[in-house]
2 protein chains.
Amino acid sequence: MTTIEDRPAGTLAPVLTPFKPDGSPCTRRFKEHCQRLLEQDVGLVLFGTNSEAASMTAHEKRNLLEALREAGGLPPGTMVGVGSCALAETLELTRAALDSGCSNVLMLPPFFYKGVSDEGLFRSVARVIESIGDARLRIYLYHIPAVSQVPFSMSLIGRLLGAYPGAIAGIKDSAGDPVHTLDLISEFRGHSFDVFAGNETHLVDVMQAGAAGVISATANVNGAAIAHLCNAWNTPVAPAEQAAANHLRAAFSKYPMITAMKTAIAARLGDATWARVRAPLIELDAGQKDALLSELIAMSCRSPHEQLS
Amino acid sequence: MTTIEDRPAGTLAPVLTPFKPDGSPCTRRFKEHCQRLLEQDVGLVLFGTNSEAASMTAHEKRNLLEALREAGGLPPGTMVGVGSCALAETLELTRAALDSGCSNVLMLPPFFYKGVSDEGLFRSVARVIESIGDARLRIYLYHIPAVSQVPFSMSLIGRLLGAYPGAIAGIKDSAGDPVHTLDLISEFRGHSFDVFAGNETHLVDVMQAGAAGVISATANVNGAAIAHLCNAWNTPVAPAEQAAANHLRAAFSKYPMITAMKTAIAARLGDATWARVRAPLIELDAGQKDALLSELIAMSCRSPHEQLS
């Protein structure tokens, strides 16, 4: 069964996937980035939206899992994104996560067909749980309706929790509405159901309400600050740190987020290869790149208090 | 190069995929259904939306292609759906289609990320054409914005046609708006670009304007009638046949289309296995099934003229 240590909590990043000049995933840069995140007290979500997971094959994801396993194993508290349109692929990735020693999977619903019934989505998740048949499995539902276009409704979550307590372990709420996150926490407070905010913009509020933590894209580039805020939400520094984190996030949000973060990492490391993205995403143009990096440099030269003025 | 015979035209069906009781694709029923369609003068689109292609792995699709190849090859004018979120999978399926002797592929754009740029979509298609590097390849763009949420804009189509004339062979327009289909025909009339309507509801109008044909879900269940109308659009029988075809389609459109069509085929063949769908789709409930079958039986007992009264 899951140890406390293996239960994800606090701040996690959907780990950006670096690509080599030939377009294939770069395992060296990937492992280095994971290490940098862990050193900042940021946990790992492999193969999330911001990892360009949808643009990678199951084979490529398994290779990256294997690279981490060979490098010492997946750290406790890691999650692996497994959701696919085809349940057989979701099963393949879930088995690969378990084989890699990771019981925590982040699960998109099948997202091609739109307007599907809660009954159909229930069966999709149930099928995975029953086919895997492993008591270690902990599923975190991935609610990101603006992208997947297929939501996990409150009643569906309740039904899943009733049928599979333990296996249904929590949710990443990327609805983009803090009220929805608070509603989830309130609705399922009596269950063992960990609610993660989908970004840090209302982290103090959701932690106060009982969130398990946050899984945020910007933890790839602002991990230490978000992780500190997540631990310090009930201390006097929290309001200023919340504002500073939001200010930094806003700088990235002016551009396609994945590309902007990769551009910033490439500049920070002096490694242009990091800026590569897979189609249909494209790199920032020269003007966007200059504007983003100038803003980040300007922000880094001010204290958090000054950043807000 | 492509022979005239191998150029898709007229009426095609996105071939429904039958599943065995264990959930795997049934090659025997699949081949039989393909044969029934061909006998009705209906061409084949393997792995379309209505084929539940998104719910199948690349491996399963390759196995079905192989089954058809072993059974005598893919008929001339067949299309194979190859679009996936991950371009490497799109490439794998495109190569499998060509290896099976089929040069015509129906291509969804990468559909997970939303709000992507035309530049990113251009690169996605360009990447496939250049990686395949085979002059036989004929790509039919699959425009189905309500499902994919990622459209092929007029300007993107124009740019693709300019860069890759020959490789960009046409489009399936499932925008659900006949005006859009007519606009496509008009806009790209000077090119070798075959516009297929995404359903038969305005078939006479679009054929009159110069459409290459129609790729419609309901050709799985009403193929002979749609194929006849598609050939007879400029004859006196066309208005009545158009109305009759629309009347039949309306009966199926009251329910989730894939499930309704499979239910009708199961009833027609006396083969309950045909009604199986993969999650997240679900079968019709008993009331829906009875209502659908009753309406179909009632329609079959009237002449086309009576159906309209």
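Parameters at a glance
Residues numbered from 1 in each chain as written. Chains lettered and ligands numbered in written order. Predicted model: local features only at pLDDT ≥ 70, side-chain atom pairs only at ≥ 80, totals over all residues. Heavy atoms only, no water. Pairing = 2+ DSSP bridges. Helix = DSSP H or I, 4+ residues; strand = E, 2+ residues; numbered from the N terminus. Axes fitted to C-alpha atoms, helices over the stretch in contact; angles between N-to-C directions. Contact = heavy atoms within 4.5 Å. Phe/Tyr/Trp six-rings, centres within 6.5 Å; stacked < 30°, edge-to-face > 60°. Buried < 20%, exposed > 50% of the residue type's maximum accessible area, 1.4 Å probe, protein only. Polar contact = N/O pair within 3.5 Å; in protein donor to acceptor, adjacent residues only side chain to side chain. Least-squares fit on C-alpha atoms with pLDDT ≥ 70 in both. Buried area = accessible area lost by both parts, 1.4 Å probe. Salt bridge = Lys/Arg side-chain N within 4 Å of Asp/Glu carboxyl O. Nonpolar A, V, L, I, M, F, W, Y, C, P; charged D, E, K, R; others polar. Parallel < 35°, antiparallel > 145°, perpendicular 65-115°, else oblique.

Caption draft 1: Broad picture of the sheet that holds strand β3 (residues 79–81) of chain A. All names here are of chain A. One closed barrel holds the 8 strands; their spatial order is β1-β2-β3-β4-β5-β6-β7-β8, and the pairing between them is parallel. For this sheet, the mean angle separating the axes of adjacent strands, direction not counted, is 25 degrees. Both strand β4 (residues 104–107) and strand β5 (residues 138–143) contribute to a ladder of 4 bridges, which runs parallel. Residue pairing across strands places Asn-104 opposite Arg-138, the latter belonging to β5. The strands touched by helix α1 (residues 27–39) within the sheet are β1 (10–14) and β2 (43–46), with β2 carrying the most contacts at an inclination of about 145 degrees.

Caption draft 2: Focus on the packing of aromatic side chains. All told, the structure shown has 11 aromatic pairs over all chains when counted by the stated rule. With a centroid separation of 5.0 Å and 65 degrees between ring planes, the pair formed by Phe-111 of chain A and Phe-112 of chain B is classed as edge-to-face. Residue Phe-111 of chain A is found in the loop between β4 and α4 (118–132), and its partner Phe-112 of chain B is found in the loop between β4 (104–107) and α4 (118–132); the two belong to separate chains. Phe-111 of chain A sits in the buried class, given a relative accessible area of 4%. Centre to centre, the rings of Tyr-140 of chain B and Phe-196 of chain B are 6.0 Å apart; their planes meet at 75 degrees, and the pair counts as edge-to-face. Of this pair, Tyr-140 of chain B sits in strand β5 (residues 138–143) while Phe-196 of chain B sits in strand β7 (residues 194–197), placing them 56 residues apart in sequence. Just as Tyr-140 of chain B is buried, Phe-196 of chain B falls in that class too. Grouping aromatic residues by their ring pairs yields a cluster made of Phe-111, Phe-112 and Tyr-113 of chain A together with Phe-111, Phe-112 and Tyr-113 of chain B.

Caption draft 3: Summary view of the side chain of Asn-220 of chain B. Residues and elements named next belong to chain B. For Asn-220, the position within the fold is in helix α9 (residues 219–231). The class for Asn-220 is buried, based on a relative accessible area of 3%. At a separation of 2.9 Å, a polar atom in the side chain of Asn-220 contacts the main-chain carbonyl oxygen of Ala-217. Setting aside chain neighbours within four positions, we find Asn-220 in contact with Ala-13, Pro-14, Val-15, Leu-16, His-33, Leu-37, Met-261 and Ile-265.

Caption draft 4: Region of the structure containing the relation of the copies chain B and chain A. Rotating chain B by 180 degrees and translating it 0.0 Å along the rotation axis places it on chain A, where the RMSD comes to 0.0 Å. The two molecules are tied by a two-fold rotation axis, judged by turn and shift. A symmetric contact is evident, with 100% of the interface residues of chain B recurring at the interface of chain A.

Caption draft 5: Focus on the interface of chain B and chain A. Between chain B and chain A, the residue contacts involve 34 residues of the former and 34 residues of the latter. In total, about 2900 Å² of surface goes out of reach between chain B and chain A, with carbon and sulfur atoms giving 70% of it. When the buried area of chain B at its contact with chain A is split by residue, Phe-112, Tyr-113 and Pro-280 of chain B rank highest and sum to 26% of it. Linking chain B to chain A there are 2 salt bridges. The partner of Arg-123 of chain A in a salt bridge is Glu-283 of chain B, and the shortest N-O contact between them spans 2.9 Å. Linking chain B to chain A there are 10 residue pairs in polar contact (both at pLDDT 80 or more). Of all the secondary-structure elements, those providing two or more residues to the side of chain B that touches chain A are α3 (87–99), α4 and α5 (145–148) of chain B. Counting residues per element, the side of chain B that touches chain A draws most heavily on α4 of chain B, which supplies 5 residues. Residue composition of the side of chain B that touches chain A, by class: 21 nonpolar, 7 polar and 6 charged.

Caption draft 6: Representation of the packing of helix α10 (residues 238–253) of chain B against helix α11 (residues 257–269) of chain B in the model. All names here are of chain B. Put simply, α10 and α11 touch, their axes get as near as 8 Å, and they point 110 degrees apart. With respect to their mutual orientation, α10 and α11 come out roughly perpendicular. Residues Arg-249, Phe-252 and Ser-253 of α10 pack against Met-257, Ala-260, Met-261 and Ala-264 of α11. When its residues are assigned to classes, the contact of α10 with α11 shows 5 nonpolar, 1 polar and 1 charged.

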